[in-house]
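Coordinate analysis (summary)
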Amino acid sequence: MQDKQCLLKIRSLYSSFSKIEKKIADYIFLHEIEIIYMSITEFSENCEVSETSIVRFCRKINLKGYQEFKLVLARECVNPQENLHEKIHGDDNIEEIINKITVANIEAIKNTSKILSTAAMEKAINAILAADRIDIYGVGASAFTAGDAKYKFMRIGIKCESFSDPHLQNMSAVNLDSKSVAIGISFSGSTKDTVDSLALAKKAGAFTIAITNYEKSPITKYANAILLTSAEETPLRSGALTSKIAQLQVLDIFYTAVAIRRGDLAFDMLNKTAEAVLPKLY
């Protein structure tokens, strides 16, 4: 671990902080590890200050924002091996690494299944079945989940598109209406491009769905249905397979339920799409 320069800087500036800033600093000193796994919304609620106050605090200590603050904190407070994977230690052998990562991925699937709301899933399924247009947003690692969602839904005859470019996401969002569905995928729930696009989609009248790990995060403010995952990762392990597996677990449940509700139409399209790509295989 590096010297805790960020925490030392906060201590050195403490006397110059406002009352709100001191409140934030006090919470940081007591919960430095827990903060690494919190969304900005959770942090603000725990501190009983606004999200804007937290962003201003981060900028006051010469950081761009809360995500950079979490990244710096992870570097300083978490063992390097844990930033690679939370369960791994430097002296683990290959067998231990295999077992630990396998257990962590299985736990992500089990915990995601426990936390996933059936009511939210029902709302999301009904919205998909009634929609004329479905657009899916995800950037970075979540872009691959968005692409997989497009692939799955197209296989059962649902017209949809996925966007990973922030400009195209926004242009897509403002073209939606009350007969549309927008799905925003963000593990942190704080990916600005995806949050902004889902906000625009909701403003345009679309039914909005968020797939995220944090119920209290910026993206959920703009979601009509929240499909939660349950995986743990530090900011330095962003895009890890554990979080991806949790997202794919939600997506597979979502897709399968939609396919079953579509009945013969979905099964017919599965056959047609399978035949369409058959010549591509040896």
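Up top you'll find the structure we're talking about.
A quick note: this is a predicted structure, and the numbers were derived from the prediction, not measured.

Reading the values: the criteria
Residues numbered from 1 in each chain as written. Predicted model: local features only at pLDDT ≥ 70, side-chain atom pairs only at ≥ 80, totals over all residues. Heavy atoms only, no water. Disulfide = S-S within 2.5 Å. Buried < 20%, exposed > 50% of the residue type's maximum accessible area, 1.4 Å probe, protein only. Helix = DSSP H or I, 4+ residues; strand = E, 2+ residues; numbered from the N terminus. Expected span 1.5 Å × (residues − 1). 1 Å grid on protein atoms, 1.4 Å probe; cavity = no way out; pocket = protein on both sides within 12 Å on 5 of 7 lines; lining within 4 Å. Points joined across faces, edges and corners; volume = space filled by probe spheres on them. Axes fitted to C-alpha atoms, helices over the stretch in contact; angles between N-to-C directions. Parallel < 35°, antiparallel > 145°, perpendicular 65-115°, else oblique. Left-handed = near helix turned anticlockwise from the far one by under 90°. Contact = heavy atoms within 4.5 Å. Nonpolar A, V, L, I, M, F, W, Y, C, P; charged D, E, K, R; others polar. Salt bridge = Lys/Arg side-chain N within 4 Å of Asp/Glu carboxyl O. Core = buried A, V, L, I, M, F, W, Y, C linked by side-chain atoms within 4.5 Å. Arc of directions from axis to C-beta.

1. Topic: the state of the cysteines
Tallying each qualifying case throughout the model produces 0 disulfides. Of all cysteine sulfurs, the one in Cys 58 lies closest to Cys 47, which takes part in no disulfide; the gap is 10 Å. Overall, the relative accessible area of 3% leaves Cys 47 in the buried class. Between Cys 58, a free cysteine, and Cys 6, which holds the nearest cysteine sulfur, the sulfur-to-sulfur gap is 8.1 Å. Residue Cys 58 is classed as buried on the basis of its relative accessible area, which comes to 1%.

2. Here we look at helix α6 (residues 66-77)
Over its 12 residues, α6 extends 16 Å from the first C-alpha to the last, a length consistent with the 16 Å expected when each residue adds 1.5 Å. Buried residues of α6: Tyr 66, Phe 69, Lys 70, Val 72, Leu 73, Ala 74, Glu 76 and Cys 77, and no others.

3. Digging into empty space enclosed by the protein
Which parts of space are left empty comes out when a probe the size of a water molecule is rolled across the atoms. This structure, assessed with the given rule, holds 1 cavity of 30 Å³ or more. If you add up the space inside the largest cavity, you get close to 30 Å³. Ile 136, Ala 149, Phe 153, Ile 183, Ile 185, Ile 211, Leu 251 and Phe 254 together form the lining of the largest cavity. Taken together, the elements giving at least two residues each to the lining of the largest cavity come down to α10 (142-155), β3 (180-185) and α13 (241-262).

4. A word on the packing of helix α11 (residues 166-174) against helix α12 (residues 192-203)
Put simply, α11 and α12 touch, their axes get as near as 8 Å, and they point 15° apart. Comparing the axis directions of α11 and α12 gives the class roughly parallel. Where α11 crosses over α12, the two elements pack in a sense that is right-handed. Of the residues in α12, those touching α11 at Pro 166, Gln 169, Asn 170, Ala 173 and Val 174 are Asp 193, Thr 194, Asp 196, Ser 197, Leu 200 and Ala 201. Taken together, the residues that form the contact of α11 with α12 break down as 5 nonpolar, 4 polar and 2 charged.

5. Section: the pattern of salt bridges
Under the defined criterion, the tally for this structure stands at 10 salt bridges. Among the ionic pairs, Glu 45 bridges to Lys 216, the shortest N-O distance being 3.0 Å. Of this pair, Glu 45 sits in helix α4 (residues 40-47) while Lys 216 sits in the loop between β4 (207-212) and β5 (225-228), and the two are 171 residues apart along the sequence. You can call Lys 216 partly exposed: its relative accessible area is 42%. Among the salt bridges present, the one from Arg 133 reaches Asp 135, with a minimum N-O distance of 2.9 Å. Residue classification places Arg 133 among the partly exposed residues on the basis of a relative accessible area of 30%.

6. Concerning the nonpolar core
The biggest cluster of nonpolar side chains holds 32 residues, and the ones touching the most others in it are Ile 10, Ile 28, Ile 35, Phe 43, Tyr 66 and Phe 69. Contributing elements (two or more residues each) for this core: α1 (5-13), α2 (19-30), α4, α5 (51-60) and α6. For this core, the element with the highest residue contribution is α6, accounting for 6 residues. If we skip the residues at most four places from it in the chain, Tyr 66 touches Ile 35, Met 38, Ser 39, Ile 40, Phe 43, Ile 54 and Cys 58. Ile 125, Ile 136, Phe 153 and Val 250 belong to the second largest nonpolar core, which has 30 residues in total.

7. Describing α12
In a regular helix each residue adds 1.5 Å, so 12 residues correspond to 16 Å; α12 covers 16 Å between its end C-alpha atoms and thus fits that length. Along α12, the residues classified as buried are Thr 194, Val 195, Ser 197, Leu 198 and Ala 201. Seen end-on, α12 carries its buried residues on one side only, within an arc spanning 165°. Residues Lys 192 and Lys 203 are exposed on α12 and point more than 90 degrees away from its buried face. In the core, the buried residues of α12 are packed alongside β1 (133-137), α11, β3 and β4. Just beyond α12, the residue with positive phi is Gly 205, at close to 105°.

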